[in-house]
Amino acid sequence: VLGVFGCGCSDNVMTIRKVAVSGLTDLLLKYPDNQDVLKYWFKGLIHLVGDRDKKIQELAVESMSRVILNNIKPYSPKLIDGNDPLDYLPWRVLDNVLNEKVGKYMMCLCEKWRISGYLTDRNIKDIMTYVGSSNHEWIVHSLYLLQLI
């Protein structure tokens, strides 16, 4: 199933790309700790931020907002001790970003988040709370995201 959705993200037919984006995003939000789902979601969606079709671009931007921005909560020690995999999901996505060298797509994504209203002052404040956290990896990821914003 993941392979089908993954291939669907690069299909020539817009409807198939739409279904693939929605399907992978729904799967990732349902199984946020599944590394395979994350890998297919990330590799399938990151390039669609610059898709030739504006509707696909918008869907990819909205889906990435649902996965990344909507799951960044203000940092607290309880967050680290918690067992909710959605709390870790944005940082796992950013791990992929840093490992795959897709900075130009992330710059484009952050700009589209801003223009579309997905990126709010609240999001920025929540991201900033990780800068002083005890988790080095989250500090690096939050600084990277803040630099793009």
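As the structure is a prediction and not an experimental result, all values here were calculated from the model.

(A) Spatial organisation of the environment of Gly-132. The topology assignment puts Gly-132 in the loop between α8 (121-128) and α9 (136-148). Spatially, the C-alpha atoms of Gly-132 and Glu-58 are 33 Å apart, while their sequence positions differ by 74 residues.

(B) Structural context of the pattern of salt bridges. Per the counting criterion, the structure on display carries eight salt bridges. Across the pair Asp-84 and Lys-73 runs a salt bridge whose closest N-O atoms are separated by 3.9 Å. In this pair, Asp-84 sits in the loop between α5 (77-81) and α6 (85-100) while Lys-73 sits in the loop between α4 (54-67) and α5, placing the two residues eleven residues apart along the sequence. Among the salt bridges present, the one from Arg-114 reaches Glu-111, with a minimum N-O distance of 2.5 Å. Of the two residues, Arg-114 and Glu-111 both sit in helix α7 (residues 103-116), three residues apart, roughly one turn of that helix.

(C) Here's a closer look at the environment of Met-107. With respect to the helices and strands, the residue Met-107 is situated in helix α7. Taking relative accessible area as the criterion, Met-107 reaches 52% and is therefore assigned exposed. Each C-alpha atom of the pair Met-107 and Thr-15 lies 26 Å from the other, and the pair is 92 residues apart in sequence.

(D) Structural detail: the packing of aromatic side chains. Under the criterion given, the structure shown has six aromatic pairs. Ring centres 4.5 Å apart and planes at 50° place the aromatic pair Trp-91 and Tyr-130 in the tilted group. Taken together, the residues Trp-91 in helix α6 and Tyr-130 in the loop between α8 and α9 connect sequence positions 39 residues apart. When its relative accessible area of 1% is taken as the criterion, Tyr-130 is described as buried. Geometrically, the ring pair formed by Tyr-130 and Trp-138 is edge-to-face, given 5.5 Å between the ring centres and 70° between the ring planes. Grouping residues by exposure puts Tyr-130 and Trp-138 together as buried. Among the aromatic side chains, those forming a connected cluster through ring pairs are Tyr-75, Tyr-88, Trp-91, Tyr-130 and Trp-138.

(E) View of the confidence of the model for the protein chain. Model confidence for the protein chain is summarised by a mean pLDDT of 93, while 99% of its residues fall at 70 or above. Of all the helices and strands in the protein chain, α5 carries the lowest mean pLDDT, 73, while α4 carries the highest, 98.

(F) Local environment of α6. Here α6 contains 16 residues, and its C-alpha end-to-end distance of 22 Å stays within 8% of the 22 Å for a straight helix at 1.5 Å per residue. Turning to α6, its buried residues are Asp-87, Leu-89, Pro-90, Trp-91, Arg-92, Val-93, Leu-94, Asn-96 and Val-97. Looking one or two residues past α6, Lys-101 carries a phi angle of roughly 55°, positive in sign.

Rules used throughout
Residues numbered from 1 in each chain as written. Predicted model: local features only at pLDDT ≥ 70, side-chain atom pairs only at ≥ 80, totals over all residues. Heavy atoms only, no water. Helix = DSSP H or I, 4+ residues; strand = E, 2+ residues; numbered from the N terminus. Salt bridge = Lys/Arg side-chain N within 4 Å of Asp/Glu carboxyl O. Buried < 20%, exposed > 50% of the residue type's maximum accessible area, 1.4 Å probe, protein only. Phe/Tyr/Trp six-rings, centres within 6.5 Å; stacked < 30°, edge-to-face > 60°. pLDDT = per-residue confidence, 0-100. Expected span 1.5 Å × (residues − 1).

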